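# Observations on the three-dimensional arrangement
The lines below spell out each chain.
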Amino acid sequence: PALPRLLVRPVTQIPERSLVHQEGLPKLPVPPLKQTCEGYLAALEPIVSAEELDHTRQLVGEFLNGGVGERLQKGLERRARKTENWLSEWWMQSAYLDCRMPVAVYTSPGVVLPRMHFQDRQGQMRFAAKLIAGVLDFKKKIDSETLPVEYLSGKPLCMDQYYQILSSCRIPGPKRDTVVNYAIGKISSTHITVVHNFQFFVLDVYNSDGTPLTVDQLHMQLEKIWNSSLQTNKEPIGILTSQHRNTWGKAYNNLIKDKTNKESVRAIQKSIFTVCLDAPMPRVSDEKYQSRVAAQMLHGGGARWNSGNRWFDKTLQFIVGEDGTCGLVYEHAPAEGPPIVFLIDYVVKYMQRIEMVRSPMVPLAMPQKLRFNITPEVKRDIEKAKQNMNIMVHDLDVKVLMFSHFGKNVPKKHQLSPDAFVQMALQLAYYRMYDTCCSTYESASLRMFKYGRTDVIRVTTVDSLNFVQAMQDPAKQPSERVLLLQKATQTHKNNTYNAIHGQAVDRHLLGLKMLSIEDLTSMPEIFMDTSFAVAQHYNLSTSQVGSKTDCVMCFGPMVPDGYGVCYNPMEEHINVAITAFNSCEETNAARFAQAVEGALLDMRALLEDAAATAQQ
């Protein structure tokens with residue numbers, strides 16, 4: 001079963017109608033104000049100076065006892081009673097739709113699938129045809145509501161996100177974007193979009209009787225698309241979607257003034273998903289291969305490679321390269337990693353099982369090529385987007401660490417949570433590189449609650465700091481270090497438990513802040529404080545995405561001087577993808593990867609030495 005982004009126990013699936021529990025799911029609670037204030041101060045302790053902490057303690061005291069906090073808390077509790085989920089809409093707006101950075105690299109995660117054994121267009125077409133068939137088979141489960149419900153600790157999880165990832169698309173606005181979902185409505189979409197050599201096609205994936213096209217039929221249609229898009233001198237209209245959102249919002253309005261363009265854009269937005277048939281990328285050594293492909297999934301490699309072979313606003317884009325690279329990139333606003341990973345596991349399993357069904361060779365209509373009228377103005381927008389994309393490509397530093405020495409098996413043998421173990425290794429690696437610790441974000445799934453998204457597990461704690469300092473202190477005995485490691489991992493486990501049960505700090509604070517903005521009252525002091533800015537500046541942005549498939553998920557850093565770290569701990573190895581920006585002197589993805597590898601090995605040695613000593 002797929003592990004949602006950071007859950008302690010594996011999620012189990014029980015075959016029953018996927019929306020059967022949806023009505024009975026509990027609502028997201030509003031935690032007690034005092035508890036959140038204490039949790040906030042505890043989170044600040046290892047990351048701000050004593051003076052700053054004292055100052056913040058005063059502000060928190062005033063907030064708690066001066067009536068302001070109480071008033072906002074009451075407002076939040078009122079909102080919680082009136083809505084299905086007091087947070088989800090605010091979160092979607094503030095985390096995604098209001099955010100004006102490009103979605104490529106900055107918010108959209110990429111997933112790299114294991115390398116396929118084809119190196120030519122034949123293999124590419126066959127693979128893409130099977131992949132499409134697999135996703136359509138998954139869609140059947142969604143449409144008939146027969147997707148197995150996922151459970152965590154015996155509690156059903158919210159399945160809503162599964163209904164948001166197909167037939168949906170983000171649409172740019174001048175100041176705020178929107179997400180449209182065409183699956184919800186009278187007439188659902190029956191086509192996908194296929195892009196090859198920057199040219200977009202509408203591919204109908206259902207026969208007139210409503211049955212999905214067979215792998216054979218899909219293969220035939222993809223061949224037609226390939227053959228009618230051989231020219232490579234086409235304008236890469238899709239690259240516009242990689243721009244800063246305000247820039248793209250303007251270019252978008254300009255683009256759809258033209259009727260033909262508007263219809264073509266609408267066809268992409270309405271499609272069930274997009275398949276990008278990528279041109280082969282420059283060859284690299286096997287050692288660098290994973291890192292190169294991770295970058296290709298995030299941004300396409302630049303204007304002269306595959307960055308124009310995308311529509312970044314589309315929720316789901318599967319990428320199949322002629323050189324055997326494959327994976328996907330998804331627009332983050334409608335869903336978290338777990339449903340995406342579940343979909344991947346499902347499709348990969350489907351593809352392994354599928355035998356080519358010989359289908360009756362009914363001649364199928366030629367897939368429709370989408371036309372765009374490129375005015376001089378649109379051409380200028382495309383040139384600008386190419387330049388900006390190339391800057392972005394040069395700035396992103398990606399390193400995939402395929403850590404092969406051990407996996408979940410080692411921490412489990414020593415009764416430690418594998419997730420907490422990996423997180424402490426990240427803390428140790430960071431401390432060794434920078435001689436300080438930083439604000440660290442780990443996402444926790446709130447799917448125990450109706451329409452739940454995520455909250456933050458704050459990984460840096462007084463206990464994690466004590467552990468990493470002890471590792472660097474030659475005077476400390478191994479036995480003492482082990483105790484500190486056990487304590488730090490236990491604290492992390494408790495924080496994780498609290499987060500997935502709706503008792504973390506960050507989203508509650510966000511709610512109080514959003515409410516004070518909506519009430520148009522003056523912004524409470526605690527949100528104007530330097531400590532708050534430090535707490536929100538996540539130099540380490542991390543996520544555990546567990547999957548059965550040996551895939552690597554990756555995302556860009558949250559801050560200009562930070563790292564994005566995504567890891568998938570398998571039984572005997574761990575895949576870790578690390579990103580940083582080259583424009584920051586201090587960060588370096590490869591150096592951090594090395595530090596993480598060293599930290600993991602040292603922590604295993606520590607546990608084994610201690611175990612050996614205990615046995616003597």
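A brief structural summary. (Residues numbered from 1 in each chain as written. Predicted model: local features only at pLDDT ≥ 70, side-chain atom pairs only at ≥ 80, totals over all residues. Heavy atoms only, no water.)

### Side note on the environment of Val 149
Put simply, the test is: Helix and strand definitions here come from DSSP, where helices need a minimum of 4 consecutive H or I residues and strands a minimum of 2 consecutive E residues; each element is numbered from the N-terminal end. Here's how the labels work: a residue is buried when its accessible area is under 20% of the maximum for its type, exposed when over 50%, partly exposed in between, all with a 1.4 Å probe on protein chains only.
Along the chain, Val 149 falls in strand 3 (residues 149-152). Overall, Val 149 belongs to the buried group, its relative accessible area being 1%. With 297 residues separating them in the primary sequence, Val 149 and Leu 446 have C-alpha atoms 15 Å apart.

### Some thoughts on the sheet that holds strand 9 (residues 274-278)
Rules: Pairs of strands are assigned from DSSP output, requiring at least two bridges between the strands. A contact between two residues is defined here by any heavy atoms of the two lying within 4.5 Å. Every axis corresponds to a line fitted to the C-alpha atoms, with the helix fit spanning only the stretch in contact, and the corresponding angles, defined between N-to-C directions, vary from 0 to 180 degrees.
If you trace the 8 strands from one edge of the open sheet to the other, you get 12-8-7-9-10-11-2-17, paired in mixed fashion. If you trace the sheet from one side to the other, it starts and ends with strand 12 (368-369) and strand 17 (552-554), each paired once. Here helix 5 (residues 121-143) sits on the sheet and contacts strand 7 (191-196), strand 9, strand 10 (316-321) and strand 11 (326-330); the angle it forms with strand 10, its principal contact strand, is near 155°. On top of the sheet, helix 10 (residues 337-353) reaches strand 2 (110-112), strand 10, strand 11 and strand 17; it is set at about 155° to strand 11, its chief contact.

### Section: the pairing of strand 18 (residues 563-569)
Burial within strand 18 is extensive, with 7 of its 7 residues counted as buried. What you see with strand 18 is no split at all: Tyr 563, Val 565, Tyr 567 and Pro 569 on one side and Gly 564, Cys 566 and Asn 568 on the other are buried throughout. Sheet analysis places strand 16 (residues 540-544) next to strand 18, joined by 5 bridges and oriented parallel. Note that in strand 18 the partner of Gln 544 across the bridge is Tyr 567. Two elements, strand 18 and strand 19 (residues 574-581), share 6 bridges in a ladder whose sense is antiparallel. Paired with Cys 566 across the two strands is Ala 577, which belongs to strand 19.

### Looking at the nonpolar core
General note: in soluble globular proteins, nonpolar side chains tend to be found buried as a group. Filter applied, for reference: For this analysis, a nonpolar core means a set of buried residues of the types Ala, Val, Leu, Ile, Met, Phe, Trp, Tyr and Cys, connected via side-chain atoms within 4.5 Å. All the domain ranges listed were derived from an automatic or database domain assignment.
By size, the foremost hydrophobic cluster in this structure holds 57 residues, and its most contacted members are Ile 132, Phe 138, Ile 192, Leu 222, Phe 273 and Leu 316. Counting residues per element, this core draws most heavily on helix 5, at 11 residues. Of the residues that make up this core, three or more belong to each of domain 1 (26-82 + 404-615) and domain 2 (103-397).

### Some remarks on the sheet that holds strand 13 (residues 396-403)
Picture the strands of a sheet paired through backbone hydrogen bonds; they go either parallel or antiparallel. Read from one edge to the other, the open sheet built from 6 strands follows the order 13-19-18-16-14-15, with strand pairing classed as mixed. Looking at strand neighbours, the two that pair on one side only are strand 13 and strand 15 (454-458), the edges of this open sheet. In this sheet, neighbouring strand axes are inclined to one another by 25° on average, regardless of whether the strands run parallel or antiparallel. Sheet strands touched by helix 9 (residues 286-299): strand 13 and strand 19. Its angle to strand 13, the strand with the most contacts, is close to 130°.

### With respect to the pattern of salt bridges
Put simply, the test is: Salt bridges, as used here, are contacts in which a Lys or Arg side-chain nitrogen is within 4 Å of a carboxyl oxygen on Asp or Glu.
If you walk through the whole model with that rule in mind, you get 30 salt bridges. For Arg 115, the salt bridge is made with Asp 286, and the minimal N-O distance between the two is 3.7 Å. Separated by 171 residues along the polypeptide, Arg 115 in the loop between strand 2 and helix 5 and Asp 286 in helix 9 bring together distant segments of the chain. Its salt-bridge partner being Glu 150, residue Arg 447 comes within 2.6 Å of it at the nearest N-O pair. A residue pair is termed long-range when its members are at least 10 positions apart, and Arg 447 in the loop between strand 14 (440-445) and strand 15 and Glu 150 in strand 3 qualify at 297 residues.

### Focus: the environment of Ile 268
You can see Ile 268 is positioned in helix 8 (residues 259-270). Assessed through its relative accessible area of 0%, Ile 268 is described here as buried. The sequence separation of Ile 268 and Phe 200 amounts to 68 residues, and the corresponding C-alpha distance is 8.2 Å. Leaving out residues up to four positions away in the same chain, Ile 268 has contacts with Thr 193, Phe 200, Trp 311, Lys 314, Leu 370 and Phe 372.

### Quick look at helix 11 (residues 376-395)
Since one α-helical turn is 3.6 residues long, residues separated by three or four positions face the same way. Defined as follows: Between the first and last residue of a helix there are one fewer steps than residues, each counted as 1.5 Å, and that sum is the expected span. Read the arc as the range of directions from the helix axis to the C-beta atoms.
With 20 residues, helix 11 extends 29 Å from end C-alpha to end C-alpha; this agrees with the ideal 28 Å at 1.5 Å per step. Residues of helix 11 that are buried: Val 378, Ile 382, Ala 385, Met 389, Met 392, Val 393 and Asp 395. Seen along its axis, helix 11 keeps its buried residues to an arc of 150°; they face one direction. Facing away from the buried surface of helix 11 by more than 90 degrees, the exposed residues are Pro 376, Arg 380, Ile 391 and His 394. On its buried face, helix 11 sits against helix 7 (245-255), helix 9, strand 13 and strand 19.

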